[in-house]
Amino acid sequence: MMRFMTLLLALVMLAGVLTACGRKGDPEEPPGTTYPRQYPSQ
């Protein structure tokens, strides 16, 4: 039972770390690009 609780705690902590990763906010286009553009560009 103790091994299960330790594994569960480790999984919860790992899930918390992984959900905290990443950038918050609206996506921004790279400088020097024009949007929208047709695909494929010729």
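Reading guide: rules and limits
Residues numbered from 1 in each chain as written. Predicted model: local features only at pLDDT ≥ 70, side-chain atom pairs only at ≥ 80, totals over all residues. Heavy atoms only, no water. Helix = DSSP H or I, 4+ residues; strand = E, 2+ residues; numbered from the N terminus. Buried < 20%, exposed > 50% of the residue type's maximum accessible area, 1.4 Å probe, protein only. Areas by Shrake-Rupley, 256 points an atom, 1.4 Å probe, with all protein chains shown as cover. Patch = residues over 30% accessible without salt bridge, like charges linked within 9 Å, V, L, I, M, F, W, Y side chains within 5 Å. Salt bridge = Lys/Arg side-chain N within 4 Å of Asp/Glu carboxyl O. Expected span 1.5 Å × (residues − 1).

Draft legend 1. Inspection of the overall build of the protein at higher detail. Across its full length, the protein carries one helix and zero strands. A buried classification covers 0% of the 42 residues belonging to the protein. Accessible area of the protein: about 4,800 Å², with a carbon and sulfur share of 65%.

Draft legend 2. Geometry of a nonpolar patch on the surface. Residues M1, F4, M5, L8 and V12 make up a contiguous nonpolar surface patch of roughly 560 Å² in combined accessible area. Here L8 lies in helix α1 (residues 2–20).

Draft legend 3. Highlighting α1. The terminal C-alpha atoms of α1 lie 27 Å apart, and with 19 residues this matches the ideal 27 Å at 1.5 Å per residue to within 8%. Taken across its 19 residues, α1 has zero buried, putting it largely on the surface. Backbone geometry just downstream of α1 places G22 in the positive-phi region, at approximately 110°.

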